[in-house]
Amino acid sequence: MRQAGTYSGLLSKMSGRTGTHSLPLARIKKIMKKSGDDVKMISGEAPIVFSKACELFIEELTKRSWTMTMQGKRRTLLKDDVASAVIATDIFDFLLTLVSESGNNINADAGQVNPR
């Protein structure tokens, strides 16, 4: 069972509040606020935790995608490798609508899926 203060130790290991972050904290906070009308106040520490979670998610998806790249005997990770990793991994089922095998084109700027 977790005790009070568990996250404070985690935060100190994650570059600290003033350290550099791979992902922009202001952008993360903006996304968090847009997630629902009920979200009004966000502590300064919450985006730091989300930043680390996003980094871990990207690392895991990249590792699984790279496995697909290696199976294809290539050295360049392709969008199709990411799609294959998502399809092959149950924990990424929430991404299936973004990377379907029917060949959807992902609009990275808008974050939307557009059929070709």
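See above for the structure.
A brief report on the enclosed structure follows. Since the model is a prediction, treat every value here as computed from it, not as a measurement.

## Some thoughts on the packing of helix H3 (residues 46-71) against helix H4 (residues 79-88)
Argument step 1. Between H3 and H4, the shortest axis-to-axis distance is 8 Å and the interhelical angle comes to 110°. It follows that H3 is roughly perpendicular to H4 by the angle criterion. On H4, the residues touching Leu-61, Arg-64, Ser-65, Met-68 and Thr-69 of H3 are Asp-81, Val-82, Ser-84, Ala-85, Val-86 and Ala-88.
Argument step 2. Classifying every residue of the contact of H3 with H4 gives six nonpolar, three polar and two charged.

## What about H4?
Argument step 1. Within H4, the full set of buried residues consists of Asp-81, Ala-83, Ala-85 and Val-86.
Argument step 2. Lining the buried residues of H4 we find H3.

## Overview of the packing of helix H2 (residues 25-34) against H3
Argument step 1. Interaxial distance between H2 and H3 falls to 9 Å at its minimum, and their mutual angle equals 100°. Looking at the two axes, H2 sits roughly perpendicular to H3. Of H3, the residues touching H2 (which contributes Leu-25, Ile-28, Lys-29 and Met-32) are Ala-46, Pro-47, Ile-48, Phe-50 and Ser-51.
Argument step 2. Its residues assigned to classes, the contact of H2 with H3 comprises seven nonpolar, one polar and one charged.

## Side note on a nonpolar patch on the surface
Argument step 1. A grouping of Phe-57, Ile-58 and Phe-94 is seen on the molecular surface, where their side chains present a nonpolar patch of about 300 Å² in accessible area.
Argument step 2. By the element assignment, Phe-94 lies in the loop between H4 and strand E1 (105-107).

## With respect to the packing of aromatic side chains
Argument step 1. Throughout the structure, instances matching the rule amount to two aromatic pairs.
Argument step 2. Look at Phe-57 and Phe-92: their rings are 5.7 Å apart centre to centre, the planes differ by 85°, and that puts the pair in the edge-to-face class. A residue pair is termed long-range when its members are at least 10 positions apart, and Phe-57 in helix H3 and Phe-92 in the loop between H4 and E1 qualify at 35 residues.
Argument step 3. In this structure Phe-57 comes out as partly exposed when scored by relative accessible area, which is 31%.
Argument step 4. Chaining the aromatic ring pairs together yields one cluster made of Phe-57, Phe-92 and Phe-94.

## Let's talk about the pattern of salt bridges
Argument step 1. A complete count under the given rule lists two salt bridges for this structure.
Argument step 2. Residues Arg-64 and Glu-60 are paired through a salt bridge, measuring 2.6 Å at the closest nitrogen-oxygen approach. Here the residue Arg-64 and the residue Glu-60 both occupy positions in helix H3, the gap between them amounting to four residues, near one helical turn.
Argument step 3. We note a salt bridge from Asp-81 to Arg-74, for which the minimum N-O separation is 2.6 Å.
Argument step 4. You can call Asp-81 buried: its relative accessible area is 4%.

Calculation notes
Residues numbered from 1 in each chain as written. Predicted model: local features only at pLDDT ≥ 70, side-chain atom pairs only at ≥ 80, totals over all residues. Heavy atoms only, no water. Axes fitted to C-alpha atoms, helices over the stretch in contact; angles between N-to-C directions. Helix = DSSP H or I, 4+ residues; strand = E, 2+ residues; numbered from the N terminus. Parallel < 35°, antiparallel > 145°, perpendicular 65-115°, else oblique. Contact = heavy atoms within 4.5 Å. Nonpolar A, V, L, I, M, F, W, Y, C, P; charged D, E, K, R; others polar. Buried < 20%, exposed > 50% of the residue type's maximum accessible area, 1.4 Å probe, protein only. Patch = residues over 30% accessible without salt bridge, like charges linked within 9 Å, V, L, I, M, F, W, Y side chains within 5 Å. Areas by Shrake-Rupley, 256 points an atom, 1.4 Å probe, with all protein chains shown as cover. Salt bridge = Lys/Arg side-chain N within 4 Å of Asp/Glu carboxyl O. Phe/Tyr/Trp six-rings, centres within 6.5 Å; stacked < 30°, edge-to-face > 60°.

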